[in-house]
Amino acid sequence: MIDPRAWGGNKGAMETFTGSFTQQEPIPEAGIEAAMDVLRHGRLHRYNSNPGEVPETARLEEEFAALTNARYCVAVASGGYAMSTALRAVDVQPGDKVLSNAFTLAPVPGAIASVGATPVFVGVTEQLRIDLDDLAAKAKQANVLLLSHMRGHICDMDRLMAICDAAGITVIEDCAHTMGAAWGDVPSGRHGAVGCYSCQTYKHVNSGEGGFLVTDDEDIAARAVLLSGSYMLYDRHRAAPGPEAFARVKDVTPNISGRMDNLRAAILRPQLQALPEQVARWNDRYAVVEVGLRGTPGLTVIDRGDKEHYVGSSIQFLLLDWAGDKVRDVLQRCAARGVELKWFGANEPVAFTSRYDNWRYVDAPRMPASDRVLRGIVDMRIPLTFSLDDCALIARIIRAEVSAVFQTG
Ligand SMILES: Cc1ncc(COP(=O)(O)O)c(C=O)c1O
C-alpha cells in the first residue's frame, strides 16, 4: 500500500511505505485444490500410494528434474537438509574440511558442521560473488566446495569450475536464492555435481519448508534417496536411477529421514509451472529499485554479469567504508519511513544477517578484504506482493535517506 500523500497534492509531505517486507503471495488456487485432494484422501506420506497411483512427490521430482535439465531429483524436507545430504552423498566424512563462502547464511556452514566437517571460508568480492582468486589459493585445503549463490549473485562459473576441476574439488551448489536463475544457458545448480534448492516460504517457491537435490550422478542420486529415508521403497521414485545403482549402496547407506510429503508437493507443483513468469515479475521489481538507487551519492549498486540470469527476489547495495553509526542512521531513518533494510556489518547477528566471524564453532582466520565488503552490505527483500509503484517509492526513500546521511559527512 502506498501512502496517498506520495501522489496527491501534498508534495511537501514525507513519503512513507506501509507494505510488509515478509508478505509473500498466496498459494495458487491450483495448489490449494491439489492440497485439498491430498488432505481428503489422507495419503500424505510419499510412499503411501494405491496401486498404480503416482504420488504428488514423485511427480514433483520428475517436474523439477525436467525444469533443471537434471537426470535425477530428490525432494526433501528443507534446503539445509538437501545440503547435508549432498555432503554425505559425496562422502564427506567427520573431520574433513569443506570450502564455502564467507558471505552466506547460517544454514550453509551449519550443513557442513552437521556432518562433522569444518568449513574453510572463501572471501567475497565487491560484486558479492565468491572471490575466485581466494578460492584458487585455498583449493588444496579441501576436496569439496559447498558454493552458495548467496542472494542470487552468480560468479564466473566457467572459471570456478576450471579451478575446481584442476584441483579435483567436487562442487555442491547451494541454490536457495537461485532457483529459476541461470549462468549462460545452464540452470543454476547444474555446473557442479549436485544442486540444492530450498522451498521455504521466503524463497522462489513456497511450501513452508522443503527442498530439492538434483544430480546427474547415479551413485550420488541413489545415496541421496536412501539417505532421505526411502526404507527399501526406492523403486517408487521416478526421477531416480535404476535398481543396480541402489544395489551398490543400499546396505551401507544410513537412513537419515528428511523426506518431502505429498501435501507440500501438491502445493509446489503449480508454483514450479509458474516459476518463469514469477522470475520475470521479480526482475521487473528489481529493475525499478536498481534504477532508483543508481547514482545515489555514497551508495554502490551491485553490477550483474552478462551471463548471470538472476532472480531479483532481493536487492543488495554497498555503503562501502561508511562508519557503522552512519549505516545504523540510514537503517533507522529508512525504517521510520517503512523501509526494512538488513545490514551484514553489525557486530552481533541480527535475525538472518550473520557473518563468517559470527559462526564461532569455526576457528576462521580473519579476511580483511572480505570484512570491508561485509561491513558495507545492505540487503532488502522484494516480495512479489510489492507493486512497481511500491518499488519506485522504496527506492526514493532509500535514496533520500542515504543522501541525507552521506551529506553529514
Ligand atoms: C543461502 C541459503 N542457503 C540455504 C538455506 C537453507 O534453506 P532452508 O531454510 O530450506 O533449510 C537458506 C535459507 O534461508 C539460505 O538463505
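Being a predicted model, the structure only gives us computed values, none of them experimental.

**Brief notes about the sheet that holds strand E7 (residues 186-187)**
Consideration 1: Spatial strand order, E7-E6-E11: three strands in an open sheet with antiparallel pairing. The open sheet is flanked by E7 and strand E11 (308-309), the only strands paired with a single partner.
Consideration 2: Bridge analysis of strand E6 (residues 182-183) against E7 gives two bridges, and the strand direction is antiparallel. When the bridges of E7 are listed, Ala182 appears paired with Pro187.

**Some thoughts on the sheet that holds strand E2 (residues 97-101)**
Strands belonging to one sheet form pairs held by backbone hydrogen bonds; the direction of such a pair is parallel or antiparallel.
Consideration 1: One open sheet holds the seven strands; their spatial order is E1-E9-E8-E5-E4-E2-E3, and the pairing between them is mixed. The outermost strands of the open sheet, each flanked by one partner alone, are strand E1 (72-76) and strand E3 (118-122). Pairs of neighbouring strands in the sheet enclose a mean axial angle of 20 degrees, with direction left out of account.
Consideration 2: Where E2 meets E3, five bridges bridge the pair, whose relative direction is parallel.

**Digging into the state of the cysteines**
Consideration 1: Inspection of the entire model under this criterion finds zero disulfides.
Consideration 2: Free cysteine: Cys175, not disulfide-bonded; nearest cysteine sulfur from Cys196 at 7.2 Å.
Consideration 3: Among the residues examined, Cys175 registers a relative accessible area of 1% and is labelled buried.
Consideration 4: Distance from the sulfur of Cys199, which forms no disulfide, to the nearest cysteine sulfur (Cys73) is 9.0 Å.
Consideration 5: Judged by its relative accessible area of 0%, Cys199 is buried.

**Notes on the site of the ligand**
Consideration 1: Taken together, 16 residues lie around the ligand, and Gly79, Gly80, His177, Ser198 and Lys203 are the ones closest in.
Consideration 2: Within the side chain of His177, one N or O atom sits 2.8 Å away from an oxygen atom of the ligand.
Consideration 3: Starting from 390 Å² of accessible surface for the ligand in isolation, the protein chains cover 89%.
Consideration 4: Taken together, the elements giving at least two residues each to the shell around the ligand come down to helix H3 (79-89) and helix H4 (107-114).

**Overview of the pattern of salt bridges**
Consideration 1: Applying the stated rule across the entire model yields 29 salt bridges.
Consideration 2: Between Glu63 and Arg269 there is a salt bridge, and its shortest N-O distance comes to 2.7 Å. Note that Glu63 is positioned in helix H2 (residues 56-68) and Arg269 in helix H9 (residues 262-273), a separation of 206 residues in sequence.
Consideration 3: A salt bridge links Arg248 to Asp219, with the nearest nitrogen and oxygen atoms 2.9 Å apart. Taken together, the positions of Arg248 in helix H8 (residues 243-249) and Asp219 in helix H7 (residues 218-227) put the pair 29 residues apart, joining distant regions of the chain.
Consideration 4: Look at Asp219 and you get partly exposed, because its relative accessible area is 26%.

Quick notes on the rules
Residues numbered from 1 in each chain as written. Predicted model: local features only at pLDDT ≥ 70, side-chain atom pairs only at ≥ 80, totals over all residues. Heavy atoms only, no water. Pairing = 2+ DSSP bridges. Helix = DSSP H or I, 4+ residues; strand = E, 2+ residues; numbered from the N terminus. Axes fitted to C-alpha atoms, helices over the stretch in contact; angles between N-to-C directions. Disulfide = S-S within 2.5 Å. Buried < 20%, exposed > 50% of the residue type's maximum accessible area, 1.4 Å probe, protein only. Near = heavy atom within 4 Å. Polar contact = N/O pair within 3.5 Å; in protein donor to acceptor, adjacent residues only side chain to side chain. Areas by Shrake-Rupley, 256 points an atom, 1.4 Å probe, with all protein chains shown as cover. Salt bridge = Lys/Arg side-chain N within 4 Å of Asp/Glu carboxyl O.

All quantities given are derived from atomic positions and should not be read as evidence of function.
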